[in-house]
Structures are given as structure tokens and as C-alpha cells.
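Breakdown of the fold
Residues per chain are reported as follows:
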Amino acid sequence: MKGVERMKLDEIRYARRFDGITGSAIREIFRMIAVPGMISFAGGNPSPAALPDEQVAEIAQQVLRDNGKAILQYGATEGYAPFVESLKAYAAEQIGREVPAVLPVTGSTQAMDLLCKAMIDPGDKILVEDPTFLGNMQCMRLYQAELVPVESDENGLIPEKVEQAMAEHHPKMLYVIPAFQNPTGRTLSAERRKPIAELAAKYGVVVAEDDPYRDLRYAGTPAPSIKSFDEEGWVMFLGSFSKIISPGLRVGFIAGDAGIVRKCTLGKQSTDVHTANLNQAIVDQYLRQNLLPAHIKEICKGYAEQMKAMLEELALFPAGTRYTRPEGGLFIWVELPEGVNATKMLEKAVARKVAYVPGTHFYPEGGHENTLRLNFSNSTIEQIHKGMKVLRELAEEEIGG
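In what follows, the accompanying structure is described. (Residues numbered from 1 in each chain as written. Predicted model: local features only at pLDDT ≥ 70, side-chain atom pairs only at ≥ 80, totals over all residues. Heavy atoms only, no water.)

Digging into empty space enclosed by the protein
- On inspection of all chains with the given rule, the structure shows four cavities of 30 Å³ or more.
- Its volume calculated, the largest cavity comes out at about 70 Å³.
- In terms of lining, the largest cavity is formed by 13 residues, of which the most central are Tyr90, Gln94, Asp211, Asp215 and Ser240.
- Elements represented by at least two residues in the lining of the largest cavity include exactly α3 (81–95) and β9 (235–240).
- Element by element, the count of residues in the lining of the largest cavity is highest for β9, at three residues.
- In this structure, the second largest cavity occupies an estimated 60 Å³ of space. (1 Å grid on protein atoms, 1.4 Å probe; cavity = no way out; pocket = protein on both sides within 12 Å on 5 of 7 lines; lining within 4 Å. Points joined across faces, edges and corners; volume = space filled by probe spheres on them. Helix = DSSP H or I, 4+ residues; strand = E, 2+ residues; numbered from the N terminus.)

With respect to helix α4 (residues 108–119)
- Along its 12 residues, α4 runs 16 Å from first to last C-alpha, staying within 8% of the 16 Å computed at 1.5 Å per residue.
- Those residues of α4 that fall on the buried side of the exposure criterion are Ser108, Gln110, Ala111, Met112, Leu114, Leu115, Cys116 and Met119. (Expected span 1.5 Å × (residues − 1). Buried < 20%, exposed > 50% of the residue type's maximum accessible area, 1.4 Å probe, protein only.)

Observations concerning the side chain of Ser225
- Its place among the elements puts Ser225 in the loop between β8 (206–210) and β9.
- Assessed through its relative accessible area of 1%, Ser225 is described here as buried.
- Setting aside residues no more than four positions away along its own chain, Ser225 makes contact with Ile95, Arg193, Glu209, Arg214 and Phe237. (Contact = heavy atoms within 4.5 Å.)

Quick word on the sheet that holds strand β14 (residues 357–358)
- Spatially, β11-β12-β15-β14 is the arrangement adopted by the four strands of the open sheet, whose pairing is antiparallel. The sheet is open, and its two edges are formed by β11 (322–323) and β14, each paired on a single side.
- Packed on one face of the sheet, helix α10 (residues 292–314) meets β11, β12 (331–335) and β15 (371–375) and runs near 10° to β12. (Pairing = 2+ DSSP bridges. Axes fitted to C-alpha atoms, helices over the stretch in contact; angles between N-to-C directions.)

Some thoughts on the packing of aromatic side chains
- Applying the stated criterion across every chain, the model contains eight aromatic pairs.
- Where Phe237 meets Phe253, the ring centres are 6.1 Å apart and the plane angle is 25°; that geometry is what we call stacked. Taken together, the residues Phe237 in strand β9 and Phe253 in strand β10 (residues 252–256) connect sequence positions 16 residues apart.
- Exposure remark for Phe237: the relative accessible area of 1% places this residue in the buried category. (Phe/Tyr/Trp six-rings, centres within 6.5 Å; stacked < 30°, edge-to-face > 60°.)

Some points on helix α2 (residues 53–71)
- Between the first and last C-alpha of α2 there are merely 20 Å, a value that for 19 residues lags more than 12% behind the 27 Å anticipated at 1.5 Å per step.
- Its axis deflected by about 70° at Arg65, α2 carries its strongest bend there.
- Among all positions in α2, only Val56, Ile59, Ala60, Val63, Gly68 and Ile71 are buried.
- Where α2 is buried, its residues touch α9 (277–288). (Bend = angle between axes of the 7 residues up to and from the residue.)

From the geometry alone we can't say anything about function, so treat these as descriptive.
Take a look at the structure:
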């Protein structure tokens, strides 16, 4: 048509919600390190030895023989009925009390996405730990939320700082990972959990209690969930089977207030209709056959040894290096001496076939360039000793240079 200037595809205007969204730093690093022989402390993958492939294969065959036509058909957004039943019992056990409603979701990351879809308007404020999980930071930013970092210490979120932030910023939500937090490995102390539930009710703030690592405990005593202290329904509990059965199955859940769960269900209808029936059925049988306790006990033995090896190596790092000593989970947080830039050091580490995630990516406001997150679960003991020796030598070079 004459007089019409055609736009080029590379000039297309994407939705404003993508402004400033560059993708997960971890996924970008994965692309960079996808070479043979790389020792990666960068991801959060379970150990291959922890993935029960033979058990899952047997269960899959069983459920398909028993109920294959229904499983292979479309399902309800609310979940595969047998799994919803077993999930309610499991969630009550995890949380420490019965909950009004549960919704199976496609990984707990979807739970956060649906919660934001239900709750967050552009410009709404969400309180987050500082640092916090970068994957869900991206989710919150895609819903155009304003992230407000709240100070934490070695015992997790500081309730006084939480109240100060609630009073000042009037947030819609608080996002917290209470057990073996990603990225720091820290655990919110038991005595701080009830005050956070009470503050949520006092200020009318929904708490997203994201707790995918709680069963991966190698020492110490489990703390009650924040949700167990929730008397008015302000706390939503996000759970996952990714770290204790399989991340590839993509099965998680959200539990809590029936009204909020219903809104999440409506949001899920246009996202993926329902979580895969077969995957729900597999996890359902894992629960009904009581296979989880023995499996978790077995994988925790291996993870404890891997974490011990990494902590032994960190003890040899240059003076001034600080690091967490988690009682569980998959991550250790490291603060190198001031002046060491972990982002720049990563390039040298990758050249020597070792990878990690620079800590700056986990801070809502950036900075903290001397920090890094290490994962131990997806490396052998031998790889941990070898890779950590490389990182120690690089840190020494950075300090000496």
C-alpha cells in the first residue's frame, strides 16, 4: 500500500512489563558454561543420584495401567482428584495445621506467578529479603511490582525491620523463604516466625511463604512454619516436590485461604489449564505409598557430605572471607574480602572450568559485588574439592593483584 511505512520486526514494541527484564542470570550463566568438563556450582539442581528414576518409571506404569484413560484426558484446573486428597494431608503435615484449600501447580515458581497475577497491580510494593531468590524477583517485576528490600541477619528477616517497612511502604505482599534460604542458606529462626504472621494480620499484608527446601535438613531442629501461626489467613504457603522427588515433574502447590486459592485457580486456567495429570498421579502415589520419608533420609545423607566437603574447602579461603554454615538446603553464601569483584572473577573461573553465580544478582538493588552463591548438590565430592581449589586460588590472585 502506497504511503505506508512498514515497521521492521526488530523495531516491535514489547509490553512495558518487559522493560528492564533481561532474563535470569542463572540461565544466562548456564548458556555460558555449557561445555564439557565444567564444574558447576551455579545451579540449584538436585544430585542425579537423588532422582528416583526407577521408582518413578514403575509408578508411571502402574497409574497408567490402573487409570490411564482418565490421566491422559484433560483434567480439572483444581487438580487431579486423588492427588488433591493426598496433597491436603501432606500440606497439613508440612504446615502444622489444616488449611482451607490447596491448588496443585506446575512447580512452586508457578505458585508465585499465580499469586502475583491474583494480587499485584503495577506499582504495588512487595517486601523481600535482601538478598532473595532472583527467579521470583523476575516474576514480581514482570507484574510491575516495586520491590522493597528488608534487612536480614544470620537468623533471617528482622521482625522490627519488617514492621518498619510495612508501616512506611504499605506493601501488598511479603515474600520470604524461611528455611535454608536461596541464596544464603540461612533459616528464619523459630522465635521470629510468629511475629511475622502477626504483622501480616496487623498491616493486612499477604505473606508468600516459599518453603521448597524445608525437608532437606542435615542438622538442627525444624522450625514451625509461619503459616502455623496464621490465625486470619494472610499467609499463603508455597510448596514443591522438585527438590525431594524431581524438578522435571514440575509439581508444586499453594495452600491457604480459599478465596485467594480460587483467584489463583482462575489465573491458572489461562496459563496452562492444569498441571499434567500424569505428573500429579506420580507424586500422589509417592505420598500414598509413603515413599518420601525413606527417600528424603537417603538423599540428605549424600547432601550433608557434599556440604561438609565445600565447607572444609571454604575454611582454607583467604582471611576476611565469610560464609554461611547452613543446617540444610542446597546453597552456601560467600562474602569475599572487600575489593574482590565476584562478577569479574567469574570470567576467570569459567576459563578454568568452574562456575558459580555472582551474588549481586540476588540483591533487588544490586551492589555487593564481593558476594557469590555456591551450590554443592550437583557436584561430586571430588569435583567440589577440585573446583573449590580453583576458586580459592582465584580469590588469592584477586586479593594479591
